[in-house]
Each structure stands twice: as C-alpha cells, then as structure tokens.
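One letter stands for each residue in the lines below.
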Amino acid sequence: MTDTAAELALFGAGLPPDPAETGPLPAGRADAVVFAVADAERAARRYCAALGLRCTAYAGPETGEPETLSYVLTAPGTRIVLTSPVRDTGPRGRELAAYLDRHGDGVLDLAVSVADVYYAYDYAVDRGALSLAEPYEARDDYGAVVLATIGVPGGTRHTLVDRAGYVGPYLPGYVPCEGF
C-alpha cells in the first residue's frame, strides 16, 4: 500500500490500518475541491469559459464574509470552490494570504461527504489525523450542515461534510449565483 494523503489522514503518518478494526471510514464521494487562488472572480470566469462549469453560489463581503471571496462552480458530479482573500486582517484572510504566499494557487481543501461527521471525525483522529476543527453545525434559512476538518501532511486539509439536512446552494453564508 502506498501512503496517499487520504491514507495519511485516516491512518497516521506511514502507519497502515489495523486489519483487526471493523471497517473503513464511511466516506462517500468528494463533496468539493476548494482552491485558494489570487483572484477568485477572474479564475471563476476562466473555469466557466474553458471547462463549461456553471457558477451556482457565491460568498463574499456582500453576504457577510468580509475577508474572502468565493465562487462555487458545478458540473454534473463536480463541485469546485475558488476562494481568494479580500482582506488579510482576520484569521481567514490571513490564512489564505499565507497559503498563497507559500504555495501559489492550489488545492486548499478536499471536502468529503460522509453520513456521520461525528463518527468519521473520531475515526480519523483516533487513527492519527490532525484535528483542525471538531464537528460543528452551521445553519441558515436553508437548513443545517455538519462539518469537521482534519489535516494531513503537506497542508491540504479534508473537511468532512454531512449536508443531509441542507437544501441551500452550497454552505451557510453562500447565496445563489446567476453565473457569468
């Protein structure tokens, strides 16, 4: 078995899973790939034009996110989120600016859909994944989403997502986007 980022997140740095354990992490499919980019609007326009993606949701200063600007692009079976800092005065803006300074544009987060975030989080952390955010509920008029975040070597993180109780455009704080 090779050490992939996902294996490292789930089983610890270089430690294979214990075959006596009952079953693997109950992960579903990829929920979203989140890219940190220098200019989210420009990148979103290019992705839509070049790849035929559709802009379906937006978050930024107008929606209560003063530090970041994010566009959610979709195609059947695909969700890409492009995020850039607007201000680096708060923790989220500073995190994105620092990431871009170190790495340039790149994958910041691979969100994974799971049926039970609490179980999946405990499963991964018990096996060596770094806890970045314990499970919590985010809510708006569209319902509630349960999220947690674990870290892996190299800086990419994995957000565990349960959106069974959510019918909104992406996550709380995002509004529908009419596209470009």
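Structural data are supplied above this passage.
Quantities reported herein were computed from a predicted structural model and do not represent experimental measurements.

Cut-offs and rules
- Residues numbered from 1 in each chain as written.
- Predicted model: local features only at pLDDT ≥ 70, side-chain atom pairs only at ≥ 80, totals over all residues.
- Heavy atoms only, no water.
- Helix = DSSP H or I, 4+ residues; strand = E, 2+ residues; numbered from the N terminus.
- Polar contact = N/O pair within 3.5 Å; in protein donor to acceptor, adjacent residues only side chain to side chain.
- Contact = heavy atoms within 4.5 Å.
- Buried < 20%, exposed > 50% of the residue type's maximum accessible area, 1.4 Å probe, protein only.
- Arc of directions from axis to C-beta.
- Lys, Arg positive; Asp, Glu negative; His and termini not counted.
- Salt bridge = Lys/Arg side-chain N within 4 Å of Asp/Glu carboxyl O.
- Pairing = 2+ DSSP bridges.

## A short note on the side chain of Thr-159
Among the structural elements, Thr-159 can be located in strand S8 (residues 157-162). Side-chain polar atoms of Thr-159 contact the side chain of Asp-109, separated by 2.5 Å. Ignoring anything within four residues of it in the chain, the contact list for Thr-159 reads Asp-109, Leu-110, Ala-111, Val-112, Leu-147, Ala-148 and Thr-149.

## Considering the environment of Val-167
Mapped onto the elements of the fold, Val-167 is located in the loop between S8 and strand S9 (175-176). We classify Val-167 as exposed; its relative accessible area is 69%. Separated by 24 residues in sequence, Val-167 and Gly-143 place their C-alpha atoms 6.5 Å apart.

## Looking at the environment of Tyr-119
In this structure, Tyr-119 sits in helix H4 (residues 117-126). Residue class for Tyr-119 comes out partly exposed when judged on its relative accessible area of 39%. The spacing of Tyr-119 and Pro-135 is 16 residues in sequence and 9.5 Å in space, taken between C-alpha atoms.

## Topic: H4
Looking at H4, one finds that the buried residues are Val-117, Ala-120, Tyr-121, Tyr-123 and Ala-124. The buried residues of H4 all sit within an arc of 160° when viewed along its axis, so they share a single face. Where H4 begins, the capping side chain belongs to Asp-116, and its oxygen is found 3.1 Å from the backbone nitrogen of Tyr-118. At the C-terminal side of H4, Gly-128 shows a positive phi close to 110°.

## Remarks on the side chain of Asp-162
Relative to the elements of secondary structure, Asp-162 occurs in strand S8. Salt bridges are absent for the buried Asp-162, whose nearest opposite-charge side chain, Arg-163, sits at 7.9 Å. At 2.9 Å, the side chain of Asp-162 and the backbone nitrogen of Ala-164 are in polar contact. Filtering out sequence-adjacent residues up to four positions away, Asp-162 remains in contact with Val-114, Ala-115, Val-117, Val-145 and Val-146.

## A look at the pairing of S8
A large share of S8 lies buried, amounting to 6 of its 6 residues. What you see with S8 is no split at all: Arg-157, Thr-159 and Val-161 on one side and His-158, Leu-160 and Asp-162 on the other are buried throughout. When strand S5 (residues 106-114) meets S8, the two strands line up parallel, connected through 5 bridges. Paired with Val-112 across the strands is Leu-160, a residue of S8.

## Remarks on the pairing of strand S4 (residues 78-85)
On any regular strand, side chains alternate: one points to one face of the sheet, the next to the other face. Burial of S4 is extensive: 6 of the 8 residues sit out of reach of the surface. With 8 bridges connecting them, strand S3 (residues 68-75) and S4 associate as antiparallel partners. Within S4, the residue paired with Leu-73 across the bridge is Ile-80. The loop that links S3 with its antiparallel partner S4 comprises 2 residues; one of these, Gly-77, has a positive phi angle of about 80°.

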